Amino acid sequence: MVDQLVIGSIFASVVGFMIIYAFFVMKNVRKVLPDGDGNSNGKPSSVTTKTICINGECTSADDADIIIVGAGVAGAALAHTLGKDGRRVLVIERDLTEPDRIVGELLQPGGYLKLMELGLEDCVEDIDAQRVFGYALFKDGKNTRLSYPLEKFHADVAGRSFHNGRFIQKMREKASLLPNVQLKQGTVSSLLEDNGTIKGVMYKNKNSEMMKAYAPLTIVCDGCFSNLRRSLCNPQVDVPSCFVGLILEKCELPYENHGHVVLADPSPILFYRISSTEIRCLVDVPGQKIPSISNGDLSNYLKTVVAPQIPVEMKDAFVATIDKGNMRTMANRSMPAVPHPTPGALLMGDAFNMRHPLTGGGMTVALSDIVVLRNLLMPLHDLHDSYTLCKYLESFYTLRKPVASTINTLAGALYKVFCASGDEARQEMREACFEYLCLGGVFSNGPLSLLSGLNPRPLSLVVHFFAVAIYGVGRLLLPFPSPKRMWIGARLISVSIASFSFRALGMGHVITPNSYVTSSITPTGNGVPHVITC
């Protein structure tokens, strides 16, 4: 009897221990088990406040994994992306009310694909966004329609045009729904540095109180007017032209669901829908100064120089908008990416890299950069490992180049080609570009796939750009060459080379079929990413 009691007690103890052990194991597993979105079932920890000491100074500050300065297109999309990966993200934005801009309103199909990849495609819903399927070009009474090569993509893939502010607010709202993402209104005045490493930021909150926030990684996305970029890059800002922005109402586009580019004199004019009732018009004015608005010079310029070159379907609405005085202006900035790799910090968006907005490629570059950065950071569980983090971030600048350099170079080259000029060689190049695109087929599909971000291959850009130059020389020499035409042809080739930025594409290196880099990375033995070329 005693033996049975002992055995029974031992058996009961073992069973009880196993039940308790299983209970605690399953409880812990549930905390870390990822759900369908890759998040843990337990709520991710939110941004906290704690006391931090640096250089003998202790302060109460926000504590996060990542600080994002700016909540525009790049900042808001990045906040949602990193928050969805479980990072504690603090976003500091100068003004959280809806922005009102005249650019950032056209998202190319390549950018929409990146938006889908980030799970943000619903941000173009319920904002009256318009689908864009290509472009229409107008020159000297002639026009042609060019369609994006979308045959191999899902039916939903197309460009989108919209009010920039509505799009940004949708992304901000989606990011703020994540419990580990916090949006704060404040103005960042400086980066906090300790022994060459960025530790966080100093900012003034909406109550005008100076605050500090700390994180192992600070990402600066505060736009084209960034006051922080000088410590993280060598800014070389150029202003080739200005835009005059108008919104036309009660008129139709000659080709609906297409962007319209008028190759006017002296420079291009853009039209595209931003809602079901509004058409955005952007008049490019070369140089850094525009005619005065206050004394009527700008209105007179638009009516006498620009209006006669506009398609007849939109001319009356264009003049009516001018008469109402509804005009806004902005400088078109371009800035190559020349970073100073800095431990603990990274530049993104227009704070880091800008191109002429003629091709509408800015948002595509920004979203592509976010995809690259997300994939780089995904294997890094501890962002406090400053050495490994710094190496990963250095590879970001290499991995972003195929998309960014192709779109940047195309924007700069097209703007130069599309502007009128008194130089015969430049005029021939402009005419050759228009006729080359009018050929259709591969002659338009190739350039449109580059412009749309669907095929960001630097080599393809080089091939098509110089194919246009050769086509232009052929036009000059056929059917009968003359010494003057041969001279203009030689100068046309020279103009093509001058208009094309090889440095922007290949950082000064010769471009070969193997010189562009894929976004594939593998860890080396020390955990540092190794870039794979193909």
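Residues numbered from 1 in each chain as written. Predicted model: local features only at pLDDT ≥ 70, side-chain atom pairs only at ≥ 80, totals over all residues. Heavy atoms only, no water.

Visitor: I keep staring at the side chain of Asn 205 and nothing clicks. Help me out?
Guide: Residue placement: Asn 205 occurs in strand β11 (residues 197–205). One polar contact links the side chain of Asn 205 to the main-chain amide nitrogen of Glu 209, over a distance of 2.9 Å. When near neighbours in sequence (up to four residues on either side) are disregarded, Asn 205 contacts Gln 185, Gly 186 and Met 211. (Helix = DSSP H or I, 4+ residues; strand = E, 2+ residues; numbered from the N terminus. Polar contact = N/O pair within 3.5 Å; in protein donor to acceptor, adjacent residues only side chain to side chain. Contact = heavy atoms within 4.5 Å.)

Visitor: Got a minute to help me understand the packing of aromatic side chains in this structure?
Guide: The geometry of two aromatic rings is summed up by the distance between their centres and the angle between their planes. Applying the stated criterion across every chain yields a total of 8 aromatic pairs. Summarising the aromatic geometry, the rings of Phe 138 and Tyr 255 are spaced 6.4 Å apart at their centres and angled 50 degrees between planes, so their arrangement reads as tilted. Residue Phe 138 is located in strand β7 (residues 134–139), and its partner Tyr 255 is located in the loop between β14 (238–249) and β15 (259–262); the two are separated by 117 residues in the primary sequence. Overall, Phe 138 belongs to the buried group, its relative accessible area being 11%. Taking relative accessible area as the criterion, Tyr 255 reaches 23% and is therefore assigned partly exposed. Judged by centre distance (5.8 Å) and plane angle (80 degrees), the ring pair of Phe 465 and Phe 466 falls under edge-to-face. Each member of the pair Phe 465 and Phe 466 is classed as buried. Within the aromatic cluster, the residues linked to one another by ring pairs are Phe 352, Phe 396 and Tyr 397. Its end group placed over the ring of Tyr 112, Arg 160 keeps NZ or CZ at 4.3 Å from the ring centre. (Phe/Tyr/Trp six-rings, centres within 6.5 Å; stacked < 30°, edge-to-face > 60°. Buried < 20%, exposed > 50% of the residue type's maximum accessible area, 1.4 Å probe, protein only. Lys NZ or Arg CZ within 6 Å of the ring centre and 35° of its normal.)

Visitor: Any chance you could explain helix α5 (residues 297–306) here in plain terms?
Guide: For the α-helix, the turn length of 3.6 residues means that residues three or four positions removed from each other point alike. Where α5 is concerned, the buried positions are Leu 298, Ser 299, Tyr 301, Leu 302 and Val 306. The buried residues of α5 occupy one face: seen down the axis, they fall within an arc of 160 degrees. Packed against the buried residues of α5 are β14, β16 (269–273), β17 (278–286), α6 (312–324) and β18 (328–334). (Arc of directions from axis to C-beta.)

Visitor: Just checking my understanding: could you explain the sheet that holds β18 for this structure?
Guide: Spatially, 7 strands are ordered β8-β7-β15-β16-β17-β14-β18 in an open sheet, and the strand pairing comes out mixed. On the outer flanks of this sheet lie β8 (142–147) and β18, each paired with one strand and no other. If you compare each strand with its neighbour and ignore which way they point, the axes differ by 20 degrees on average. Docked against the sheet, α6 engages β14, β16 and β17, running at close to 100 degrees with respect to β14. Along the sheet, helix α10 (residues 424–438) contacts β7 and β8; its crossing angle with β8, the most-contacted strand, is approximately 55 degrees. (Pairing = 2+ DSSP bridges. Axes fitted to C-alpha atoms, helices over the stretch in contact; angles between N-to-C directions.)

Visitor: Sorry if this is basic, but what is going on with the pairing of strand β10 (residues 181–194) here?
Guide: Put simply, side chains in a regular strand alternate between the two faces of the sheet. Here strand β4 (residues 89–93) pairs with β10 via 5 bridges, running parallel. Looking at the pairing, Glu 93 lines up with Gln 185 of β10. Inspection of the sheet shows β10 paired to β11 by 8 bridges, in the antiparallel sense. Counted as the bridge partner of Ser 190 is Met 202 from β11. Where β10 folds back onto β11 in an antiparallel hairpin, the turn is made up of 2 residues, including Asn 195, whose phi is positive at roughly 55 degrees.

Visitor: Explain helix α4 (residues 164–176) here, please?
Guide: Spanning 13 residues, α4 covers 19 Å between terminal C-alpha atoms, matching the ideal 18 Å at 1.5 Å per step. Among the residues of α4, those classed as buried are Asn 164, Gly 165, Phe 167, Ile 168, Gln 169, Met 171, Arg 172 and Ala 175. Looking at the packing, one finds that the buried side of α4 touches α2 (73–84), β4, α3 (109–117), β10 and α7 (362–377). (Expected span 1.5 Å × (residues − 1).)

Visitor: Help me understand the nonpolar core, please; the structure alone is not making it clear to me.
Guide: Across soluble globular proteins, nonpolar side chains have a tendency to be buried as a group. In terms of nonpolar packing, the biggest core is built from 69 residues, with Phe 167, Ile 219 and Leu 377 touching the most fellow members. Among the elements that make up this core, the one with the highest residue count is α7 (9 residues). When sequence neighbours within four positions are dropped, the list of residues in contact with Ile 219 reads Ile 66, Ile 67, Ile 68, Val 69, Leu 78, Leu 82, Leu 346, Met 348 and Leu 373. Judged by nonpolar contacts, the second largest core, of 46 residues, contains Val 103, Tyr 148, Leu 150 and Leu 461. (Core = buried A, V, L, I, M, F, W, Y, C linked by side-chain atoms within 4.5 Å.)

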